[in-house]
Amino acid sequence: MNTKWKYLRRLLKEKPNVSLDKTTKIPRLVLPRPLYIWEFDLGITKGTSPGSEDEGAVGRDEIVKYFLSDFQIPIIIEETSFEFDIRKEGKSKIGRMSQLDIERTLKQKMKRLAIEGNLEPSSLFEEPFIDEDLIFNRFSIKETLSKKCLVILGIDVSGSISDIERVIAKSLVIGLIQFFGTNFETTEFYGVSHEVSAKVFGPLKIPKSENPLYILDSEDANPIREFAKIQGGGGTSLYDFSIKVRNIANKYKNYSRYLFYAGDFSVFSNDLEVFEKTLFRGDPFHFYGIIVYDSESAFNTFSYIPHNSSILFMGREIAISNNVDTVNVLHWIFKHLGKIGRFNYAQNR
């Protein structure tokens, strides 16, 4: 990816009249695209050959600048996100004795006695207070909106998933952290990988900021960096994954809950039943973003799919074609992941 942008910058410098608008009349440029050469700025070690270790996906800056502008994930506010807070709102001459401001009341009595010419220690502490002296704190109940969300990114890393499919799924780490970290006050982020068994990485607590990706450089992000390195390669099952993800969701009842998942769903039918019953039915999540590395027929076994879902069918062509433009694939994913409905990667058809 970085090679592409360096080439592009050099091209624009040498030929300032070249336009990159969608409506340009300049013939489409074929940029150099070395196979499997990627930058994934989460501490991944570059592999020496395809399959030895993920050589990353796309760098942070590239995703934020070139892909996130098309992200259309809905901002969903959980009904229980409203919090109530009791705050002081000034003073009052009327109130309960539990609200009495003793210090201000004593000063008020001193002022009155001074005006009366009777400000003596004995009068200050022995004479009773009158209504004019009493000052009460005034309180009010404030309703505030606490935008908190749970984001889970699940990826299938079994042997049926190709290097490039795994890389595409991991690229979502950067996009999701940037998107949710700028739209919610608090984001709890989990990565969950699975083969036959599932591994949970996180949570990473992300406070709202203009550039939440900085948190990836902290020690708190170690679990997510490990998630970005995981390779897998064995058999696959959705049972353990479904149970662990549902257990995580149950811990965040007052949060807006998002589940993103990328896999081929090449598992036994009873695993698919567990996935549907545990993660789809009952809507434990407020939004589902699912990337299916197979044809649409592989997903039709489900009898129920939540209405608030975005289903992206990629097909296996991206795994077996030497001509696949991964940048184009990522752009398509970021553009459609968030739209409600089913979508097919038309470039494969």
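Residues numbered from 1 in each chain as written. Predicted model: local features only at pLDDT ≥ 70, side-chain atom pairs only at ≥ 80, totals over all residues. Heavy atoms only, no water.

Describing the environment of F71
Here's step 1: Mapped onto the elements, F71 comes out in the loop between α2 (60-66) and β1 (82-92).
Here's step 2: Its relative accessible area of 8% is what places F71 among the buried residues.
Here's step 3: Placed 263 residues apart in sequence, F71 and F334 show a C-alpha to C-alpha distance of 5.3 Å.
Here's step 4: Residue contacts for F71: discarding those within four places in its chain leaves G175, L176, F179, F334 and L337. (Helix = DSSP H or I, 4+ residues; strand = E, 2+ residues; numbered from the N terminus. Buried < 20%, exposed > 50% of the residue type's maximum accessible area, 1.4 Å probe, protein only. Contact = heavy atoms within 4.5 Å.)

Re the sheet that holds strand β4 (residues 186-194)
Here's step 1: In spatial order, the strands read β5-β4-β3-β6-β7-β8-β9; together these seven strands make up an open sheet with mixed pairing. For this open sheet the edge positions go to β5 (198-207) and β9 (341-344), each flanked by a neighbour on one side alone. Averaged over all pairs of adjacent strands, the angle between their axes in this sheet comes to 10°, without regard to strand direction.
Here's step 2: Sheet analysis places strand β7 (residues 287-292) next to strand β8 (residues 309-313), joined by five bridges and oriented parallel. In the strand pairing of β8, I291 is matched with L312. (Pairing = 2+ DSSP bridges. Axes fitted to C-alpha atoms, helices over the stretch in contact; angles between N-to-C directions.)

A few points about the pairing of β8
Each regular strand carries side chains that alternate between the two faces of the sheet.
Here's step 1: Among the five residues in β8, five count as buried, and that is most of the element.
Here's step 2: A two-sided burial pattern is seen for β8, the buried positions comprising S309, I311 and F313 on one face and S310 and L312 on the other.
Here's step 3: Bridge analysis of β8 against β9 gives four bridges, and the strand direction is parallel. Within β9, the position partnered with L312 by the bridge is F343.

Some remarks on the environment of V192
Here's step 1: Within the secondary structure, V192 is located in strand β4.
Here's step 2: It is 6.2 Å that separates the C-alpha atoms of V192 and L153, two residues lying 39 residues apart in sequence.
Here's step 3: Not counting the four nearest positions on each side in its chain, V192 is found in contact with I152, L153, G154, I155, A198, K199, V200, F227, F241, V245 and I248.

A short note on the packing of aromatic side chains
Here's step 1: Evaluated as defined, the whole model comprises 27 aromatic pairs.
Here's step 2: When the ring of Y261 is compared with that of F275, the centres are 5.9 Å apart and the planes differ by 55°; the resulting orientation is tilted. Here Y261, found in strand β6 (residues 256-263), pairs with F275, found in helix α8 (residues 269-280); they are 14 residues apart in sequence, far enough to count as distant. In terms of burial, Y261 and F275 fall into one category: buried.
Here's step 3: Note on W332 and Y345: the rings are 5.3 Å apart at their centroids and 70° apart in plane angle, and the pair reads as edge-to-face. On the criterion of sequence distance, the pair formed by W332 in helix α10 (residues 326-336) and Y345 in the segment after β9 is long-range, its members being 13 residues apart. Taken as a pair, W332 and Y345 share a single burial class, namely buried.
Here's step 4: Chaining the aromatic ring pairs together yields one cluster made of F241, Y261, F265, F275, F280, F285, Y288, F299, F302 and F313.
Here's step 5: Lying over the aromatic face of F184, K147 brings its terminal NZ or CZ to 5.6 Å of the ring centre. (Phe/Tyr/Trp six-rings, centres within 6.5 Å; stacked < 30°, edge-to-face > 60°. Lys NZ or Arg CZ within 6 Å of the ring centre and 35° of its normal.)

Concerning the confidence of the model for the protein chain
Interpretation of the predicted coordinates at a detailed level should be avoided for regions scoring low in pLDDT.
Here's step 1: Per-residue confidence for the protein chain gives a mean pLDDT of 78, with 72% of residues at or over 70.
Here's step 2: A low-confidence stretch, residues 18-53 (pLDDT under 50), is modelled with 68 contacts involving residues beyond four sequence positions or located in other chains. (pLDDT = per-residue confidence, 0-100.)

As for the packing of helix α5 (residues 163-183) against α10
Each pair of packed helices can be described by the angle between their axes along with the distance between the axes.
Here's step 1: Orientation of α5 relative to α10, taken along the N-to-C sense of each, is 50°, at an axis distance of 11 Å. In terms of orientation, α5 and α10 fall into the oblique class. Note that α5 runs across α10; the crossing there is right-handed. The segment α5 lies against α10, with I164, I168, S171, L172 and G175 engaging T326, V329, L330, I333 and F334.
Here's step 2: Class assignment of the residues belonging to the contact of α5 with α10 gives a composition of seven nonpolar, three polar and no charged. (Parallel < 35°, antiparallel > 145°, perpendicular 65-115°, else oblique. Left-handed = near helix turned anticlockwise from the far one by under 90°. Nonpolar A, V, L, I, M, F, W, Y, C, P; charged D, E, K, R; others polar.)

Topic: unusual backbone geometry
Here's step 1: In this chain, G202 is followed by P203 through a cis amide linkage whose omega measures 10°.
Here's step 2: Of note, the phi angle at F265 is positive, near 55°, even though the residue is not glycine.
Here's step 3: Inspection of the secondary structure puts F265 in the loop between β6 and α8.
Here's step 4: On the basis of relative accessible area, F265 is assigned to the buried category, the value being 5%.

Regarding helix α3 (residues 102-116)
Here's step 1: The terminal C-alpha atoms of α3, which comprises 15 residues, lie 21 Å apart, in line with the 21 Å expected from a rise of 1.5 Å per residue.
Here's step 2: Residues T105, K109, R112 and L113 constitute the buried set of α3. Take α3 and look down its axis: the buried residues cluster within an arc of 95°, on one side only. Along α3, exposed side chains directed more than 90 degrees from the buried face belong to E103, K111 and I115.
Here's step 3: Among the residues trailing α3, G117 stands out with phi positive, at a value near 75°. (Expected span 1.5 Å × (residues − 1). Arc of directions from axis to C-beta.)

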